[in-house]
Amino acid sequence: MRSSFALGILASALALTASAFDCKKAQVAGHTYDLSPLSREITLESNATTPPTLTSTRYVLNPCAPLKAEPDSVPEIDRCPNGAWACRLVTNFKKDEKPRITEVNAVAGKSSKDEPVLEAKTSGSDKPSEFHWIMKGAEVEKTVWSTDIKFVCNKSAKDQDLPTVVGFKDGVLSLEWAVPAACALGGGGDEKPPSDGDKEKKPVESSGGGFFSTMFSLFVVISALYLVLGVMYNYLIVRATGLDLIPNRAFWREFPYLCSDFTQHVWGMVNGRRRGGYSVV
Ligand SMILES: *[C@@H]1O[C@H](CO)[C@@H](O)[C@H](O)[C@H]1NC(C)=O
Ligand SMILES: *[C@@H]1O[C@H](CO)[C@@H](O)[C@H](O)[C@H]1NC(C)=O
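Fair warning: this is a prediction, and the values are worked out from it, not measured in the lab.

Enquirer: Help me understand the site of ligand 1 in this model?
Expert: Neighbouring residues of ligand 1: Glu45, Asn47, Leu54 and Phe93. Glutamate 45 is positioned such that a nitrogen or oxygen atom in its side chain is 2.9 Å from a nitrogen atom of ligand 1. Separating an oxygen atom of ligand 1 from a side-chain N or O atom of asparagine 47 is a distance of 2.4 Å. In the complex, 43% of the free accessible area of ligand 1, which totals 360 Å², lies under the protein chains.

Enquirer: Honestly, the sheet that holds strand β7 (residues 117-119) in this entry has me stumped. Any pointers?
Expert: The strands making up a sheet associate through hydrogen bonds between their backbones, and the pairing can be parallel or antiparallel. Strands sit in the order β7-β8-β9-β11-β10 across an open sheet of five strands; the sheet is mixed. Two strands close off the open sheet at either side, each with one partner strand: β7 and β10 (164-169). The mean inter-strand angle of the sheet, taken between neighbouring strand axes irrespective of direction, is 20°. Of the strand pairs in this sheet, β10 and strand β11 (residues 172-179) are connected by five bridges, and their pairing is antiparallel. Across the sheet, residue valine 165 finds its bridge partner in β11, namely leucine 175.

Enquirer: Sorry if this is basic, but what is going on with the sheet that holds strand β4 (residues 53-61) here?
Expert: Strand order in this open sheet of four strands is β3-β4-β5-β6, and the pairing throughout is antiparallel. Unpaired on one side and paired on the other, β3 (42-50) and β6 (100-108) mark the two borders of the sheet. Mean inter-strand twist for the sheet, computed between neighbouring axes without regard to direction, equals 15°. Direction of pairing for β3 relative to β4: antiparallel, over a ladder of nine bridges. Its bridge partner lying in β4, glutamate 45 is registered against arginine 58.

Conventions we followed
Residues numbered from 1 in each chain as written. Chains lettered and ligands numbered in written order. Predicted model: local features only at pLDDT ≥ 70, side-chain atom pairs only at ≥ 80, totals over all residues. Heavy atoms only, no water. Near = heavy atom within 4 Å. Polar contact = N/O pair within 3.5 Å; in protein donor to acceptor, adjacent residues only side chain to side chain. Areas by Shrake-Rupley, 256 points an atom, 1.4 Å probe, with all protein chains shown as cover. Pairing = 2+ DSSP bridges. Helix = DSSP H or I, 4+ residues; strand = E, 2+ residues; numbered from the N terminus. Axes fitted to C-alpha atoms, helices over the stretch in contact; angles between N-to-C directions.

Functional significance is not addressed by these values, which are geometric in nature.
Below, the structure written as C-alpha coordinates:
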(Lines give C-alpha, C1' and ligand atoms only; values in the text may rest on other atoms or scores of the structure.)
(Ligands and ions follow the chains in the order given, each with its own letter.)
Protein backbone atom coordinates (compact mmCIF):
# COMPACT_ATOMS: atom_id res chain seq x y z
CA MET A 1 0.00 0.00 0.00
CA ARG A 2 2.59 2.55 1.15
CA SER A 3 5.12 1.44 -1.42
CA SER A 4 2.59 1.64 -4.21
CA PHE A 5 1.96 5.23 -3.18
CA ALA A 6 5.68 5.95 -3.40
CA LEU A 7 5.83 4.24 -6.77
CA GLY A 8 2.98 6.43 -7.95
CA ILE A 9 4.89 9.57 -7.02
CA LEU A 10 8.00 8.24 -8.68
CA ALA A 11 6.08 7.39 -11.83
CA SER A 12 4.57 10.86 -12.07
CA ALA A 13 7.97 12.41 -11.45
CA LEU A 14 9.41 10.34 -14.28
CA ALA A 15 6.52 11.31 -16.55
CA LEU A 16 7.68 14.91 -16.11
CA THR A 17 10.99 14.08 -17.72
CA ALA A 18 9.48 12.30 -20.72
CA SER A 19 9.56 15.12 -23.25
CA ALA A 20 6.02 15.17 -24.57
CA PHE A 21 5.77 17.01 -27.87
CA ASP A 22 4.42 20.46 -27.08
CA CYS A 23 3.25 22.50 -30.06
CA LYS A 24 3.15 25.65 -27.96
CA LYS A 25 6.83 25.41 -27.10
CA ALA A 26 8.39 23.43 -29.89
CA GLN A 27 12.18 23.35 -29.58
CA VAL A 28 14.47 23.32 -32.59
CA ALA A 29 18.19 23.86 -32.17
CA GLY A 30 17.78 26.12 -29.17
CA HIS A 31 14.98 28.21 -30.65
CA THR A 32 11.37 28.05 -29.54
CA TYR A 33 8.39 28.05 -31.88
CA ASP A 34 4.71 28.31 -31.10
CA LEU A 35 3.04 26.01 -33.60
CA SER A 36 -0.25 25.92 -31.72
CA PRO A 37 -2.03 28.29 -34.18
CA LEU A 38 -1.65 25.41 -36.67
CA SER A 39 -3.27 22.88 -34.37
CA ARG A 40 -6.21 21.67 -36.41
CA GLU A 41 -7.03 18.91 -38.87
CA ILE A 42 -6.45 20.04 -42.39
CA THR A 43 -7.29 18.26 -45.61
CA LEU A 44 -5.32 18.62 -48.82
CA GLU A 45 -7.03 17.17 -51.87
CA SER A 46 -6.07 16.82 -55.47
CA ASN A 47 -7.97 15.12 -58.27
CA ALA A 48 -6.62 13.33 -61.28
CA THR A 49 -8.58 12.07 -64.26
CA THR A 50 -7.89 8.40 -64.64
CA PRO A 51 -10.35 7.36 -67.39
CA PRO A 52 -12.86 5.93 -66.99
CA THR A 53 -12.65 7.06 -63.38
CA LEU A 54 -11.53 10.02 -61.31
CA THR A 55 -8.97 9.50 -58.58
CA SER A 56 -8.88 11.79 -55.58
CA THR A 57 -5.87 11.79 -53.26
CA ARG A 58 -6.40 13.31 -49.87
CA TYR A 59 -3.99 14.01 -47.05
CA VAL A 60 -5.47 14.70 -43.64
CA LEU A 61 -3.09 15.93 -40.97
CA ASN A 62 -2.63 17.82 -37.74
CA PRO A 63 0.93 18.89 -36.88
CA CYS A 64 0.13 19.12 -33.17
CA ALA A 65 -1.84 15.99 -32.27
CA PRO A 66 -2.98 12.62 -33.53
CA LEU A 67 -6.07 12.71 -35.77
CA LYS A 68 -9.40 12.29 -34.07
CA ALA A 69 -11.05 8.92 -34.46
CA GLU A 70 -13.42 8.82 -37.40
CA PRO A 71 -17.15 8.42 -36.79
CA ASP A 72 -18.74 5.00 -36.73
CA SER A 73 -20.53 5.84 -39.97
CA VAL A 74 -17.21 5.28 -41.75
CA PRO A 75 -16.63 1.54 -42.27
CA GLU A 76 -13.68 0.37 -40.18
CA ILE A 77 -11.72 -0.72 -43.23
CA ASP A 78 -11.90 2.82 -44.67
CA ARG A 79 -10.61 4.56 -41.57
CA CYS A 80 -7.16 5.99 -40.90
CA PRO A 81 -5.28 3.80 -38.40
CA ASN A 82 -5.52 4.85 -34.77
CA GLY A 83 -2.62 7.04 -33.69
CA ALA A 84 -2.08 8.55 -37.16
CA TRP A 85 -1.06 12.20 -37.27
CA ALA A 86 -1.19 12.28 -41.06
CA CYS A 87 -3.23 10.00 -43.25
CA ARG A 88 -3.26 9.35 -47.00
CA LEU A 89 -6.53 8.39 -48.62
CA VAL A 90 -7.13 7.56 -52.26
CA THR A 91 -10.71 7.48 -53.46
CA ASN A 92 -11.86 6.32 -56.85
CA PHE A 93 -14.98 7.82 -58.43
CA LYS A 94 -16.74 6.08 -61.29
CA LYS A 95 -19.81 7.53 -62.96
CA ASP A 96 -23.04 6.49 -61.23
CA GLU A 97 -21.22 4.20 -58.80
CA LYS A 98 -20.53 4.67 -55.14
CA PRO A 99 -17.05 6.13 -54.57
CA ARG A 100 -14.59 3.53 -53.36
CA ILE A 101 -11.65 4.14 -51.04
CA THR A 102 -8.80 2.21 -52.60
CA GLU A 103 -6.02 3.23 -50.21
CA VAL A 104 -5.91 4.45 -46.65
CA ASN A 105 -2.84 4.49 -44.46
CA ALA A 106 -0.81 6.52 -41.99
CA VAL A 107 2.00 8.65 -43.47
CA ALA A 108 2.82 9.82 -39.94
CA GLY A 109 2.25 8.17 -36.59
CA LYS A 110 1.19 4.61 -36.12
CA SER A 111 0.86 4.21 -32.38
CA SER A 112 -0.11 6.47 -29.52
CA LYS A 113 3.54 6.64 -28.38
CA ASP A 114 4.77 8.22 -31.61
CA GLU A 115 5.84 11.83 -31.71
CA PRO A 116 7.15 14.07 -34.47
CA VAL A 117 10.82 15.03 -34.54
CA LEU A 118 11.80 18.62 -35.28
CA GLU A 119 15.14 19.35 -36.85
CA ALA A 120 16.87 22.30 -38.38
CA LYS A 121 18.69 21.25 -41.50
CA THR A 122 20.27 24.62 -42.14
CA SER A 123 23.32 24.41 -39.92
CA GLY A 124 25.33 27.44 -38.89
CA SER A 125 22.53 29.97 -39.24
CA ASP A 126 21.85 31.88 -36.05
CA LYS A 127 18.09 32.27 -36.50
CA PRO A 128 16.82 29.33 -38.48
CA SER A 129 13.93 30.47 -40.65
CA GLU A 130 13.37 26.90 -41.76
CA PHE A 131 13.01 23.60 -40.00
CA HIS A 132 11.55 20.20 -40.64
CA TRP A 133 8.76 18.30 -38.91
CA ILE A 134 9.41 14.62 -39.48
CA MET A 135 7.42 11.61 -38.42
CA LYS A 136 7.40 8.00 -39.46
CA GLY A 137 4.19 6.22 -40.36
CA ALA A 138 3.01 2.84 -41.52
CA GLU A 139 5.16 0.28 -43.28
CA VAL A 140 3.86 -0.55 -46.75
CA GLU A 141 5.56 -3.11 -48.98
CA LYS A 142 8.76 -2.99 -46.87
CA THR A 143 8.92 0.81 -47.15
CA VAL A 144 8.38 2.84 -43.99
CA TRP A 145 6.25 5.79 -44.93
CA SER A 146 6.95 9.18 -43.41
CA THR A 147 5.95 12.80 -43.54
CA ASP A 148 8.41 15.66 -43.87
CA ILE A 149 6.95 19.13 -43.43
CA LYS A 150 9.34 21.92 -44.23
CA PHE A 151 8.31 24.90 -42.13
CA VAL A 152 9.34 28.27 -43.51
CA CYS A 153 9.07 31.49 -41.54
CA ASN A 154 6.89 33.99 -43.43
CA LYS A 155 5.40 36.81 -41.42
CA SER A 156 3.33 38.14 -44.31
CA ALA A 157 1.52 34.82 -44.70
CA LYS A 158 -1.32 33.68 -42.42
CA ASP A 159 -1.44 30.72 -40.08
CA GLN A 160 -4.70 29.72 -41.77
CA ASP A 161 -2.82 29.18 -45.04
CA LEU A 162 -2.52 25.56 -46.05
CA PRO A 163 0.73 23.75 -46.75
CA THR A 164 1.56 22.82 -50.30
CA VAL A 165 2.14 19.23 -51.28
CA VAL A 166 5.60 19.00 -52.78
CA GLY A 167 5.21 15.33 -53.55
CA PHE A 168 4.70 11.80 -52.37
CA LYS A 169 7.67 9.75 -53.42
CA ASP A 170 9.16 6.50 -52.10
CA GLY A 171 6.76 6.65 -49.18
CA VAL A 172 7.79 10.17 -48.15
CA LEU A 173 5.12 12.83 -48.15
CA SER A 174 6.86 16.20 -48.54
CA LEU A 175 4.98 19.33 -47.61
CA GLU A 176 6.00 22.95 -47.39
CA TRP A 177 4.28 25.29 -44.99
CA ALA A 178 5.14 29.01 -44.96
CA VAL A 179 3.45 30.58 -41.94
CA PRO A 180 4.16 33.13 -39.18
CA ALA A 181 4.01 30.28 -36.64
CA ALA A 182 7.23 28.95 -38.18
CA CYS A 183 9.11 32.06 -37.02
CA ALA A 184 11.21 31.64 -33.88
CA LEU A 185 9.88 33.28 -30.73
CA GLY A 186 11.88 35.80 -28.77
CA GLY A 187 13.46 38.40 -31.00
CA GLY A 188 11.44 37.45 -34.08
CA GLY A 189 12.71 36.20 -37.41
CA ASP A 190 13.55 39.54 -38.99
CA GLU A 191 15.30 41.12 -36.05
CA LYS A 192 19.06 41.41 -35.97
CA PRO A 193 20.72 39.05 -33.51
CA PRO A 194 22.67 40.81 -30.70
CA SER A 195 25.92 41.75 -32.33
CA ASP A 196 28.62 42.88 -29.90
CA GLY A 197 31.39 40.37 -29.38
CA ASP A 198 29.22 37.30 -29.04
CA LYS A 199 31.28 34.89 -31.09
CA GLU A 200 31.60 32.40 -28.27
CA LYS A 201 27.97 32.86 -27.30
CA LYS A 202 26.40 31.30 -30.36
CA PRO A 203 27.17 27.64 -29.84
CA VAL A 204 26.09 27.86 -26.21
CA GLU A 205 22.80 29.43 -27.23
CA SER A 206 21.98 27.02 -30.01
CA SER A 207 22.19 23.99 -27.75
CA GLY A 208 21.15 25.62 -24.49
CA GLY A 209 17.37 25.16 -24.26
CA GLY A 210 17.27 21.40 -24.40
CA PHE A 211 20.16 20.92 -22.03
CA PHE A 212 18.81 23.15 -19.28
CA SER A 213 15.29 21.78 -19.45
CA THR A 214 16.72 18.26 -19.22
CA MET A 215 18.83 19.22 -16.22
CA PHE A 216 15.82 20.84 -14.59
CA SER A 217 13.65 17.75 -15.10
CA LEU A 218 16.41 15.59 -13.69
CA PHE A 219 16.66 17.86 -10.68
CA VAL A 220 12.89 17.64 -10.08
CA VAL A 221 12.96 13.85 -10.24
CA ILE A 222 15.92 13.52 -7.92
CA SER A 223 14.36 15.95 -5.43
CA ALA A 224 11.08 14.03 -5.48
CA LEU A 225 12.89 10.72 -5.00
CA TYR A 226 14.95 12.16 -2.16
CA LEU A 227 11.84 13.47 -0.43
CA VAL A 228 9.83 10.27 -0.83
CA LEU A 229 12.64 7.97 0.25
CA GLY A 230 13.56 10.29 3.11
CA VAL A 231 10.00 10.40 4.44
CA MET A 232 9.68 6.63 4.12
CA TYR A 233 12.95 6.11 5.95
CA ASN A 234 11.99 8.48 8.76
CA TYR A 235 8.56 6.93 9.07
CA LEU A 236 9.46 3.27 8.88
CA ILE A 237 12.89 3.13 10.49
CA VAL A 238 13.31 6.23 12.67
CA ARG A 239 9.56 6.13 13.46
CA ALA A 240 9.36 9.90 13.36
CA THR A 241 6.08 11.79 13.10
CA GLY A 242 4.86 15.20 12.00
CA LEU A 243 7.44 17.69 10.72
CA ASP A 244 10.26 15.38 11.76
CA LEU A 245 9.32 13.25 8.77
CA ILE A 246 10.99 15.74 6.47
CA PRO A 247 14.47 14.41 5.67
CA ASN A 248 17.41 16.53 6.88
CA ARG A 249 15.11 19.04 8.52
CA ALA A 250 17.97 20.94 10.13
CA PHE A 251 19.54 21.49 6.73
CA TRP A 252 16.31 22.87 5.24
CA ARG A 253 16.00 25.30 8.13
CA GLU A 254 19.40 26.67 7.11
CA PHE A 255 18.57 26.54 3.42
CA PRO A 256 17.20 30.11 2.95
CA TYR A 257 20.38 31.53 4.49
CA LEU A 258 22.56 29.34 2.31
CA CYS A 259 20.64 30.56 -0.74
CA SER A 260 21.07 34.20 0.12
CA ASP A 261 24.79 33.69 0.76
CA PHE A 262 25.15 31.92 -2.56
CA THR A 263 23.25 34.63 -4.44
CA GLN A 264 25.42 37.35 -2.93
CA HIS A 265 28.53 35.44 -3.86
CA VAL A 266 27.43 34.93 -7.46
CA TRP A 267 26.28 38.56 -7.72
CA GLY A 268 29.70 39.70 -6.62
CA MET A 269 31.38 37.48 -9.20
CA VAL A 270 29.14 38.60 -12.06
CA ASN A 271 29.58 42.27 -11.19
CA GLY A 272 33.31 41.80 -11.06
CA ARG A 273 33.58 40.42 -14.58
CA ARG A 274 30.57 41.83 -16.33
CA ARG A 275 32.65 43.58 -18.97
CA GLY A 276 34.25 40.28 -19.91
CA GLY A 277 31.06 39.09 -21.61
CA TYR A 278 28.75 36.33 -20.52
CA SER A 279 30.73 33.18 -20.96
CA VAL A 280 28.46 30.47 -19.70
CA VAL A 281 30.32 27.75 -17.87
C1 LIG B 1 -12.44 15.95 -56.49
O2 LIG B 1 -13.49 15.18 -57.02
C3 LIG B 1 -14.54 14.90 -56.09
C4 LIG B 1 -15.54 13.98 -56.79
O5 LIG B 1 -15.94 14.47 -58.02
C6 LIG B 1 -15.19 16.19 -55.65
O7 LIG B 1 -16.18 15.91 -54.69
C8 LIG B 1 -14.12 17.09 -55.04
O9 LIG B 1 -14.67 18.32 -54.67
C10 LIG B 1 -12.97 17.29 -56.00
N11 LIG B 1 -11.92 18.02 -55.32
C12 LIG B 1 -11.16 18.92 -55.91
C13 LIG B 1 -10.11 19.58 -55.08
O14 LIG B 1 -11.28 19.25 -57.08
C1 LIG C 1 5.16 35.17 -47.80
O2 LIG C 1 3.75 35.09 -47.93
C3 LIG C 1 3.19 36.08 -48.76
C4 LIG C 1 1.68 35.96 -48.64
O5 LIG C 1 1.25 34.64 -48.81
C6 LIG C 1 3.70 35.88 -50.19
O7 LIG C 1 3.14 36.87 -51.04
C8 LIG C 1 5.23 36.00 -50.18
O9 LIG C 1 5.73 35.71 -51.45
C10 LIG C 1 5.84 35.05 -49.16
N11 LIG C 1 7.25 35.33 -49.03
C12 LIG C 1 8.19 34.43 -49.25
C13 LIG C 1 9.59 34.87 -49.02
O14 LIG C 1 7.93 33.30 -49.62
